[in-house]
Amino acid sequence: MDFAFVCWNCEADNNVWGKPRGFWTELYELPDEWDCWWCEATNTTPPPPWTPAA
Ligand SMILES: [Zn+2]
């Protein structure tokens, strides 16, 4: 499932893939850091809850 985050640097919307942690769970595993697709700034994943991407 993708989660939506806003880049701290340029405010672009970024979708970050969250890997399901188990079959019957709604927990997802996201990378600690990801690069903005637009400005390539390194973003740190904030603590949950996260917003599912539309
Ligand atoms: Zn950015």
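Above this text you will find the structure in question.
Residue numbers run consecutively from 1 along every chain, following the written order of its sequence. A pLDDT threshold of at least 70 governs which residues receive local features in this predicted model, and a stricter bar of 80 or more applies before side-chain atom pairs are shown or counted, although totals over entire chains, interfaces and linings include all residues.

Enquirer: Would you mind showing me how to read the overall build of the protein here?
Expert: In this description a helix means any DSSP run of H or I spanning at least four residues, a strand means any run of E spanning at least two, and both kinds are numbered starting from the N terminus. When helices and strands are counted, the protein shows 0 helices and 7 strands. Each helix and strand of the protein, ordered N terminal to C terminal, gives the series β-β-β-β-β-β-β. Along the first, second and third principal axes, the C-alpha set of the protein runs to 35 × 20 × 15 Å. Exposed residues have 12 or fewer other C-beta atoms within 10 Å of their own C-beta, buried residues have 20 or more, and partly exposed residues fall in between, where C-beta atoms are placed from the backbone. A burial count over the protein gives 2% of its 54 residues as buried. The contact criterion used is a C-beta to C-beta distance within 7 Å, with each C-beta placed from the backbone. The long-range fraction of contacts in the protein, counting pairs at least 24 apart against all pairs at least 6 apart in sequence, stands at 44%.

Enquirer: Just to check I follow, could you spell out the pairing of strand 1 (residues 2–6) for this structure?
Expert: Residues in a regular strand project their side chains so that they alternate between the two faces of the sheet. Of the pairings in the sheet, the one linking strand 1 to strand 2 (residues 13–17) comprises 5 bridges and is antiparallel in character. Of the residues in strand 2, the one forming a bridge with aspartate 2 is tryptophan 17. At least two bridges found by DSSP between two strands is the condition for calling them paired. Two successive antiparallel strands, strand 1 and strand 2, enclose a turn made up of 6 residues, where glutamate 11 displays a positive phi of approximately 65°. Sheet topology note: the strand 1/strand 7 (residues 51–52) ladder contains 2 bridges and is antiparallel.

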